[in-house]
Amino acid sequence: PFVRKDIGEIYALFVRHTRPHIITISTNGFYKERMYFFIPKMLTDFPNTNLIIYLSIDGPEEIHDEIREKGSYKNAIEALEMLQPLRKSFKNLGVSISMTFNRINEDYLQKTFQEFADSKLADNVNIAFVRGNPRNPIISKATISKYRELIQMKMAMIYKNKLKHPNLFMNRFLSLKDCYAYKIVEEILENDRYILPCMAGSLMGILYANGNVQPCEIFGGAPLG
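So, here is what we can say about the structure in this document. (Residues numbered from 1 in each chain as written. Predicted model: local features only at pLDDT ≥ 70, side-chain atom pairs only at ≥ 80, totals over all residues. Heavy atoms only, no water.)

1. What to know about a nonpolar patch on the surface
Here is step 1: Residues V3, F30 and Y31 make up a contiguous nonpolar surface patch of roughly 280 Å² in combined accessible area.
Here is step 2: Within the secondary structure, V3 sits in the segment before helix 1 (7-18).
Here is step 3: Residue classification places V3 among the exposed positions, given a relative accessible area of 53%. (Patch = residues over 30% accessible without salt bridge, like charges linked within 9 Å, V, L, I, M, F, W, Y side chains within 5 Å. Areas by Shrake-Rupley, 256 points an atom, 1.4 Å probe, with all protein chains shown as cover. Salt bridge = Lys/Arg side-chain N within 4 Å of Asp/Glu carboxyl O. Helix = DSSP H or I, 4+ residues; strand = E, 2+ residues; numbered from the N terminus. Buried < 20%, exposed > 50% of the residue type's maximum accessible area, 1.4 Å probe, protein only.)

Here it is as structure tokens:
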């Protein structure tokens with residue numbers, strides 16, 4: 001998202017017109033200088049909106065770079081370190097590590113998860129099972145049992161209150177919601193069918209860098225605008 005030089009304007013328009021309680025921005029941390037320029041202004045201009053930066057880290061350096069290209073891990077870690085003073089200065093900023101579980105990193109994510117969960121560099125560590133149509137189809141053939149082990153680690157840390165949604169008054173409720181969502185994902189993967197009705201476009205939406213608005217990441221054939 002920080003490829004766009006007008007991301008600050010987009011953020012401002014979005015907040016003024018929709019008054020969201022939370023906005024999340026997912027990034028690989030490549031445009032660190034631009035992040036450091038825009039994020040403080042976003043937080044200062046709209047103190048009642050919580051901004052959560054989701055920083056993508058998909059394993060140890062060698063594995064992460066295999067998935068995302070050489071040097072990507074170094075960029076992500078530098079961005080994570082750059083965000084630390086902003087976390088201390090702004091109560092409406094949260095930082096979460098975002099891990100996408102896939103075939104390439106499935107044997108490494110438990111250790112990486114534990115390291116970042118213990119590091120105190122992020123408020124939360126989010127885990128997603130790879131979905132959609134990746135460029136390399138092999139990565140979608142991940143092992144469900146290994147995903148379940150990783151999710152059990154995450155839920156154990158939630159119950160111990162070691163990972164949480166940052167600066168949100170409904171933190172405990174949202175954390176337990178995450179636990180429920182992980183269990184639902186397990187059921188969907190195991191049974192190959194949806195368990196709950198889809199709320200994409202109602203409870204959530206996705207804004208892409210090219211300006212397209214869609215209900216979710218995998219529902220690509222139905223842009224909302």
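2. Brief notes about the environment of N102
Here is step 1: Considering the arrangement of structural elements, one finds N102 in the loop between strand 3 (93-101) and helix 5 (109-119).
Here is step 2: Spatially, the C-alpha atom of N102 lies 5.6 Å from that of V130, the residues being 28 residues apart in sequence.
Here is step 3: In this structure, N102 is in contact with I67, V130, I139 and A142, ignoring residues within four places of it in sequence.
Here is step 4: Of note is the side chain of N102, whose polar atom sits 2.9 Å from the backbone nitrogen of I104. (Contact = heavy atoms within 4.5 Å. Polar contact = N/O pair within 3.5 Å; in protein donor to acceptor, adjacent residues only side chain to side chain.)

3. A word on the layout of surface pockets
Here is step 1: By volume, the second largest pocket amounts to about 180 Å³.
Here is step 2: Lining of the second largest pocket is provided by 10 residues; of these, A117, K120, A122, D123 and K162 occupy positions nearest its centre.
Here is step 3: Grouping the amino acids of the lining of the second largest pocket by side-chain chemistry returns 3 nonpolar, 1 polar and 6 charged. (1 Å grid on protein atoms, 1.4 Å probe; cavity = no way out; pocket = protein on both sides within 12 Å on 5 of 7 lines; lining within 4 Å. Points joined across faces, edges and corners; volume = space filled by probe spheres on them. Nonpolar A, V, L, I, M, F, W, Y, C, P; charged D, E, K, R; others polar.)

4. So, the pairing of strand 3
Here is step 1: Taken across its 9 residues, strand 3 has 8 buried, putting it largely inside the fold.
Here is step 2: As judged from the 6 bridges shared by strand 2 (residues 50-56) and strand 3, these two strands associate in the parallel manner. Bridge pairing in strand 3 places S56 opposite S98.
Here is step 3: With 6 bridges connecting them, strand 3 and strand 4 (residues 124-129) associate as parallel partners. Residue pairing in the sheet places S98 in a bridge with N126 of strand 4. (Pairing = 2+ DSSP bridges.)

5. Some thoughts on the pattern of salt bridges
Here is step 1: Tallied over the entire structure, the rule returns 9 salt bridges.
Here is step 2: Its salt-bridge partner being K32, residue E78 comes within 3.3 Å of it at the nearest N-O pair. Pair noted here: E78 is in helix 4 (residues 72-89) and K32 is in helix 2 (residues 32-45), with a separation of 46 residues, a long-range link.
Here is step 3: The partner of R68 in a salt bridge is D58, with the nearest N and O atoms 2.9 Å apart. Placement of R68 in helix 3 (residues 61-68) and of D58 in the loop between strand 2 and helix 3 is noted, with a sequence separation of 10 residues between them.
Here is step 4: With relative accessibility at 2%, the residue D58 sits in the buried group.
Here is step 5: Three or more residues joined by partner-sharing salt bridges are found here, namely R103, E106, D107 and K146.

6. Concerning the nonpolar core
Here is step 1: In terms of nonpolar packing, the biggest core is built from 52 residues, with I39, L51, I53, F113 and F116 touching the most fellow members.
Here is step 2: Once residues lying within four places of it in the same chain are set aside, the contact partners of F113 are M99, V125, I127, L150, M153, K154, M157 and L163. (Core = buried A, V, L, I, M, F, W, Y, C linked by side-chain atoms within 4.5 Å.)

7. Section: helix 5
Here is step 1: Taken as a whole, helix 5 has its buried residues at L109, T112, F113, F116 and A117. One side of helix 5 carries all its buried residues, which in axial view fall inside an arc of 130°.
Here is step 2: Of the surrounding secondary structure, the elements contacted by the buried residues of helix 5 are helix 4, strand 3, strand 4 and helix 6 (144-159).
Here is step 3: A positive phi of about 65° marks K120, the residue just after helix 5. (Arc of directions from axis to C-beta.)

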